[in-house]
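# Observations on the three-dimensional arrangement
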Amino acid sequence: QPSGTGEALLHTLILWHALLGTLQGYELTARALYAAARQNIDWVAADTDDQGWLAVIDVFHDAHEAYAAAFSGLLGRDAPNARNQELYDEQVDDFTADAASALQAMYDIEADLVLTYEEALGQMEGIDGVILVSSIVTAEARHGTVLANMQGKSSADDLDDLLVTDQGTALPLGQEG
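Cut-offs applied
- Residues numbered from 1 in each chain as written.
- Predicted model: local features only at pLDDT ≥ 70, side-chain atom pairs only at ≥ 80, totals over all residues.
- Heavy atoms only, no water.
- Phe/Tyr/Trp six-rings, centres within 6.5 Å; stacked < 30°, edge-to-face > 60°.
- Helix = DSSP H or I, 4+ residues; strand = E, 2+ residues; numbered from the N terminus.
- Buried < 20%, exposed > 50% of the residue type's maximum accessible area, 1.4 Å probe, protein only.
- Salt bridge = Lys/Arg side-chain N within 4 Å of Asp/Glu carboxyl O.
- Contact = heavy atoms within 4.5 Å.
- pLDDT = per-residue confidence, 0-100.
- Expected span 1.5 Å × (residues − 1).

Counting across every chain of the model gives three aromatic pairs. Taken together, a centroid distance of 5.8 Å and an interplanar angle of 85° make the contact between Y34 and F60 edge-to-face. Highlighted residues: Y34 in helix α1 (residues 4–39) and F60 in helix α3 (residues 52–75), separated in sequence by 26 residues. A single burial state applies to Y34 and to F60, both of which are buried. Accessibility expressed as a relative area gives 0% for Y34, which makes it buried.

On to the pattern of salt bridges, then. By the definition in use, this model includes two salt bridges. Across the pair R31 and E65 runs a salt bridge, and its minimum N-O distance is 3.7 Å. With R31 in helix α1 and E65 in helix α3, this residue pair connects regions lying 34 residues apart in the sequence. R38 is the salt-bridge partner of D58, the closest N and O atoms lying 2.8 Å from each other.

This part is about the environment of A30. For A30, the location among the structural elements is in helix α1. Exposure remark for A30: the relative accessible area of 0% places this residue in the buried category. Separated by 38 residues in sequence, A30 and A68 place their C-alpha atoms 9.7 Å apart. Ignoring any residue separated from it by four or fewer positions in sequence, one finds A30 in contact with H64 and L113.

On average, residues of the protein carry a pLDDT of 82, and 79% of them reach 70 or more. The least confident element of the protein is helix α7 (residues 159–163), whose mean pLDDT is 52; the most confident is helix α4 (residues 85–95), at 96.

With 24 residues, helix α6 (residues 127–150) extends 35 Å from end C-alpha to end C-alpha; this agrees with the ideal 34 Å at 1.5 Å per step. Within the span of α6, buried status applies to G129, L132, V133, I136, V137, A139, E140, H143, G144, L147 and A148. Once α6 finishes, G152 follows within two positions and takes phi at roughly 90°, a positive value.

Here we take up the environment of S135. With respect to the helices and strands, the residue S135 is situated in helix α6. The class of S135 is partly exposed, set by a relative accessible area of 43%. Residues S135 and Y67, spaced 68 residues apart in sequence, show a C-alpha to C-alpha distance of 9.5 Å.

Here it is, written out as structure tokens:
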């Protein structure tokens, strides 16, 4: 029979696994959204002269893929390895629309991920997860800065837009104590 301490540890491990699995799902969703944007090259050619678009999409896609793989490393063979289909379905049309819509959608998902990771950090107890999530949240914030700059929000007048988003919403973490 597990003791009270053992049961508490098991409960913590189950919550930790669920939390990291949820975060991995968001990373796989972001990766899939950037892949959808990359496959819809028509709007890039039609709406921009900048080949930097393709490089940004590719780099962000690969970054989200690497983050998902890092979560797999922590979770082991029981990692869910599945995107959040509901979030994907909500976002994919914006990622594959015109350039302005796609840029805004990319910025919004990065902002949402930053808020989500900040919330997740407050729920974490293990050092490995904290280190991983801390490194990812920093990169996600940088993604948002690049995307804001690509929208022309780079002057001192737009500093608030670079640092604060009123549209960002932390994604559900599915945690119950």
